[in-house]
Amino acid sequence: MSFQNNIFFQKVRDYSVSKEIFELHHNPEYDMLITFPKPSLEKLPSYYESDDYISHTDGKRSLFERMYQLIKSVALKNKLKLINTQSQKGKLLDIGAGTGDFLVVAKNDGWHITGIEPSEKAKTIAINKGVKFAESLAVLESNSFDIITMWHVLEHVPNLEEYILELKRLLKPSGTIVIAVPNFKSFDATYYGKFWAAYDVPRHIWHFSKTAIGKLFAEKEMKLTEVLPMKFDSFYVSLLSEKYKTGRMNFFRAFFVGWKSNLNGNKTKEFSSHIYIIKNN
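Residues numbered from 1 in each chain as written. Predicted model: local features only at pLDDT ≥ 70, side-chain atom pairs only at ≥ 80, totals over all residues. Heavy atoms only, no water.

Enquirer: Explain the overall build of the chain to me, using residue names and the numbers behind them.
Expert: Of regular secondary structure, the chain possesses 8 helices and 10 strands. For 281 residues, the compact-globule estimate of 2.2 N^0.38 gives 19 Å, and the C-alpha radius of gyration of the chain, at 18 Å, lies within 12% of that figure. Over its C-alpha atoms, taken along the principal directions, the chain stretches across nearly 45 × 45 × 40 Å. The 281 residues of the chain split such that 53% are buried. A fraction of 70% describes how many contacts in the chain between residues 6 or more apart in sequence connect residues 24 or more apart. Accessible surface for the chain amounts to roughly 13,200 Å². Of this, 56% is attributable to carbon and sulfur atoms. Across the chain, the centroid of the 38 positively charged side chains sits 7 Å from that of the 31 negatively charged ones. (Helix = DSSP H or I, 4+ residues; strand = E, 2+ residues; numbered from the N terminus. Rg over C-alpha atoms; globule rule 2.2 N^0.38 Å. Buried < 20%, exposed > 50% of the residue type's maximum accessible area, 1.4 Å probe, protein only. Contact = heavy atoms within 4.5 Å. Areas by Shrake-Rupley, 256 points an atom, 1.4 Å probe, with all protein chains shown as cover. Lys, Arg positive; Asp, Glu negative; His and termini not counted. Charge placed at Lys NZ, Arg CZ, Asp CG, Glu CD.)

Enquirer: Explain unusual backbone geometry residue by residue, including any values.
Expert: Residue Pro37 is bonded to the preceding Phe36 through a cis peptide linkage, with omega at -5°. Position of Pro37 relative to the elements: it lies in the loop between strand E3 (32-36) and helix H1 (63-86). Positive phi outside glycine occurs at Asp31, with the angle close to 50°. Summarising the element assignment, Asp31 is placed in the loop between strand E2 (21-27) and E3. Its relative accessible area of 15% is what places Asp31 among the buried residues. Despite not being glycine, His152 has its phi angle at roughly 55°, a positive value. Structurally, His152 is set in the loop between strand E6 (145-151) and helix H4 (160-170). His152 sits in the partly exposed class, given a relative accessible area of 25%.

Enquirer: Describe helix H6 (residues 210-218), listing the residues and the values that go with them.
Expert: Among all positions of H6, only Ala212, Ile213, Gly214, Leu216 and Phe217 are buried. Its buried side turned inward, H6 meets E3, H4, strand E7 (171-182), strand E9 (222-229) and strand E10 (273-280).

Enquirer: Mind laying out the sheet that holds E9, listing which residues take part and the relevant values?
Expert: In space, the 6 strands of this open sheet follow the order E5-E4-E6-E7-E10-E9, with mixed pairing throughout. Among the strands making up the open sheet, the edge pair consists of strand E5 (112-116) and E9. Neighbour to neighbour, the strand axes of the sheet diverge by 20° on average, direction disregarded. When strand E4 (residues 91-95) meets E6, the two strands line up parallel, connected through 3 bridges. When the bridges of E6 are listed, Leu92 appears paired with Ile147. (Pairing = 2+ DSSP bridges. Axes fitted to C-alpha atoms, helices over the stretch in contact; angles between N-to-C directions.)

Enquirer: Give me the environment of Met32: which residues, what numbers.
Expert: You can see Met32 is positioned in strand E3. Among all residues touching Met32, those that are not within four sequence positions of it are Phe3, His25, His26, Asn27, Leu160, Phe184, Trp206, His207, Phe208, Ala212 and Leu216.

Enquirer: Account for the pattern of salt bridges, with residues named and values stated.
Expert: Inspection of the entire model under this criterion finds 12 salt bridges. Between Lys123 and Glu120 there is a salt bridge, with its nearest N and O atoms 3.7 Å apart. Residue Lys123 and its partner Glu120 are located together in helix H3 (residues 120-127), separated by 3 residues, close to a single helical turn. Classification of Lys123 as buried rests on a relative accessible area of 7%. For Glu161, the salt bridge goes to Lys220, with nearest N and O atoms at 2.8 Å. Taken together, the residues Glu161 in helix H4 and Lys220 in the loop between H6 and E9 connect sequence positions 59 residues apart. One salt-bridge network, in which partners are shared between bridges, spans Asp14, Asp200 and Arg203. (Salt bridge = Lys/Arg side-chain N within 4 Å of Asp/Glu carboxyl O.)

Enquirer: Any details on empty space enclosed by the protein? Residues and values, ideally.
Expert: Within this structure, the stated rule accounts for 2 cavities of 30 Å³ or more. Of the pockets and cavities examined, the largest cavity occupies roughly 50 Å³. Considering only residue class, the lining of the largest cavity consists of 6 nonpolar, 1 polar and 5 charged. The calculated volume of the second largest cavity comes to roughly 40 Å³. Forming the walls of the second largest cavity are Glu155, Pro182, Asn183, Phe184, Trp196, Ala198, His204, Trp206, His207 and Phe208. (1 Å grid on protein atoms, 1.4 Å probe; cavity = no way out; pocket = protein on both sides within 12 Å on 5 of 7 lines; lining within 4 Å. Points joined across faces, edges and corners; volume = space filled by probe spheres on them. Nonpolar A, V, L, I, M, F, W, Y, C, P; charged D, E, K, R; others polar.)

Enquirer: An account of the packing of aromatic side chains is needed here, citing residue identities and associated values.
Expert: Tallying each qualifying case throughout the model produces 9 aromatic pairs. Aromatic side chains Trp196 and Tyr199 sit 4.8 Å apart centroid to centroid with 85° between the ring planes, which places their arrangement in the edge-to-face category. An aromatic cluster is defined as three or more aromatic residues linked by ring pairs; in this entry it consists of Tyr15, Phe195 and Tyr244. Sitting over the face of the ring of Phe145, Lys91 holds its NZ or CZ atom 5.2 Å from the ring centroid. Over the ring of Tyr30 we find Lys215; its NZ or CZ atom is 5.1 Å from the centre of that ring. (Phe/Tyr/Trp six-rings, centres within 6.5 Å; stacked < 30°, edge-to-face > 60°. Lys NZ or Arg CZ within 6 Å of the ring centre and 35° of its normal.)

Coordinates in, geometry out; function isn't part of it.
Structure, rendered in structure tokens:
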């Protein structure tokens, strides 16, 4: 895995925490964007220190948060349905489990669950819901999971190649990895440009295309077998993008852009976010 000969793409501001400006560089070999400079491991946690980092709370303080939680409840049912089509109920590892809602739903459906979550705040909320956590991937047994899920997590990991190797190690020979990430080639990404909320620099270090995911996992002897759309994401991302662009959440404009992005995605197969189904070769 080599990220050489990168080309400057554009500058993007961290709107949610630091207000610092970062660059996105395009790697033509993998067709992916890379955040530059990449924060040091020591400084990276500081970019998550915000009460507005919504995936680390169960907050319903605002209309936006209430909408997020409502959409999340629908998404949880869809995620459970998806993993049940990929495997008989067995051992499930959810990396970046947040406040644990997906694992609770899976546990109630008969899955044996384990979570990984770096945020102590989010982990405490999840433990109170009955979620079991491992301290790190390194302590987990090799070839032990039927399903590994990463819902908008892979774009955050600093050490991408090492992480993919760990996923390979943990997965059973017949197992499945389910990864959801934003898609910088979507209509809403193009429409909002530097204001596109799913760039979320510097927390999002990597910005993937279908080509990138397929190639990165193929290099580790895993196969991308299916790509699915996450159609709710276009509306959520457009709402935040409107806020970054205009200073307020224009619900009507965001809904229109989200709807148009999905309509465009039906033709181009490039949606705001994708779910990737990956199998062992």
